[in-house]
Amino acid sequence: MTDWRPGATRATLVRRARLLADMRAFMADRDVLEVSTPLIARAAPAERGLAGMQVEQGGYLVPSPEHGLKRLLAAGTGAIYQLGPVFRAGEAGRWHNPEFWMLEWYRPGATMADMVAETADLIEAVAGVACGGVREYRQVFAAVTGLDPIDSPVGELADWARRHQLAPATADAEDDRAFWLDLIMSLAVQPTLGRDAPECVVDFPADDAVLVATDATRAGIAHRFEWFWQGVELANGARELTDADIARQRMQRERRLGATDEGHPAALDERLLAAMDAGLPECAGVALGVDRLLALICGFEGIGEALTFDWLRR
């Protein structure tokens, strides 16, 4: 057996240690408090696209510290971040690993534009690269497909995906706009983004918004953004939803559309909803993939070389 060896070299581990130190220094300089929330949660993820890993004794390994961090925000902590491992079932590949590191932070009182700018500052500070511009989702989607992602009927989205061989003709998701938008975005649009420098896409469709605020004046728009570099998603952020009633309705929708391994809808995170009801402040947040960023800084073809032991070497 030779796969006992790590995927990362010592030089890569040194660069990784520097990256983590630089991230912590960036947050300290901006008065963002580092916190630690549990890695095992009672409730499953609120989004059907996030498959949680169940723990035998009960609960789930967290796919993101979002719920715990928002409970802290509701308790009055001010700006906070968490840097550490998160877990997602079924995600293994060139740019995915079931266990990976995430930097996630929130600022009370911040807007989406504030967090777009701060994420650019962070990337430039820790990666030594100048960030590119900001474009709307509608613009980048139409540039590749010729379709309007907000107004196009779901049938047009499905037809485009099938014509371009992104999905089989028998794909069973005819009425699921979120499915087709995500499929086209990830397979056709995303590879065109951030080729020369990290690039931000803002104002995503609201079809799959769960804990994200939506625009009060522009129907179908969510206050969500993502940063891309060399066709790889680096960060996902948003102005956060603060209304507990709307959050419950959306989480119930996701619960109906997704199911646990036993085929039963997962329970809602009642503690998060109680925190929101008590008063989650207006805020915005970002989650950034640390391993992906390191791999791109180092010029790797995937995250395997950025990890000590990836899924195949565990």
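Placed above this text is the structure.
As the structure is a computational prediction, the values presented were derived from the model and not from experiment. (Residues numbered from 1 in each chain as written. Predicted model: local features only at pLDDT ≥ 70, side-chain atom pairs only at ≥ 80, totals over all residues. Heavy atoms only, no water.)

## A few points about the environment of alanine 44
Phase 1: Along the chain, the position of alanine 44 falls in the loop between strand 2 (40-41) and strand 3 (53-54).
Phase 2: Sequence-wise, alanine 44 and tryptophan 105 are 61 residues apart; in three dimensions their C-alpha atoms are separated by 21 Å. (Helix = DSSP H or I, 4+ residues; strand = E, 2+ residues; numbered from the N terminus.)

## Here's the deal with the pairing of strand 10 (residues 232-239)
Phase 1: As judged from the six bridges shared by strand 9 (residues 224-229) and strand 10, these two strands associate in the antiparallel manner. Bridging across to strand 10, glutamate 226 finds its partner in asparagine 236.
Phase 2: Between strand 9 and strand 10, which pair antiparallel in sequence order, lie two residues; one of them, glutamine 230, sits at a positive phi of approximately 55°.
Phase 3: Where strand 10 lies against strand 11 (residues 283-289), five bridges are found, and the strand directions are antiparallel. Along strand 11, the bridge assignment pairs arginine 239 with alanine 284. (Pairing = 2+ DSSP bridges.)

## Overview of the packing of aromatic side chains
Phase 1: Here the structure, examined in full by the defined rule, presents three aromatic pairs.
Phase 2: A centroid spacing of 4.9 Å and a plane angle of 85° characterise the contact between phenylalanine 179 and tryptophan 180, whose relative ring orientation is edge-to-face.
Phase 3: Given a relative accessible area of 33%, phenylalanine 179 falls into the partly exposed group.
Phase 4: Through a chain of ring-to-ring contacts, three or more aromatic side chains come together here, namely Tyr137, Phe141 and Phe204.
Phase 5: One residue, arginine 16, lies across the ring of tryptophan 101, its end atom 5.6 Å from the ring centre.
Phase 6: A cation over an aromatic ring shows up here: arginine 314 above the ring of tryptophan 311, its NZ or CZ 3.7 Å from the ring centre. (Phe/Tyr/Trp six-rings, centres within 6.5 Å; stacked < 30°, edge-to-face > 60°. Buried < 20%, exposed > 50% of the residue type's maximum accessible area, 1.4 Å probe, protein only. Lys NZ or Arg CZ within 6 Å of the ring centre and 35° of its normal.)

## Focus: unusual backbone geometry
Phase 1: Phi angles above zero are rare outside glycine, and aspartate 31 is one such case at about 60°.
Phase 2: Mapped onto the elements, aspartate 31 comes out in the loop between helix 1 (10-29) and strand 1 (33-34).
Phase 3: For aspartate 31, a relative accessible area of 66% translates into the label exposed.
Phase 4: In the Ramachandran plot, glutamine 165 falls in the positive-phi region, its phi being about 55° despite a non-glycine side chain.
Phase 5: Residue placement: glutamine 165 occurs in the loop between helix 5 (154-163) and helix 6 (177-189).

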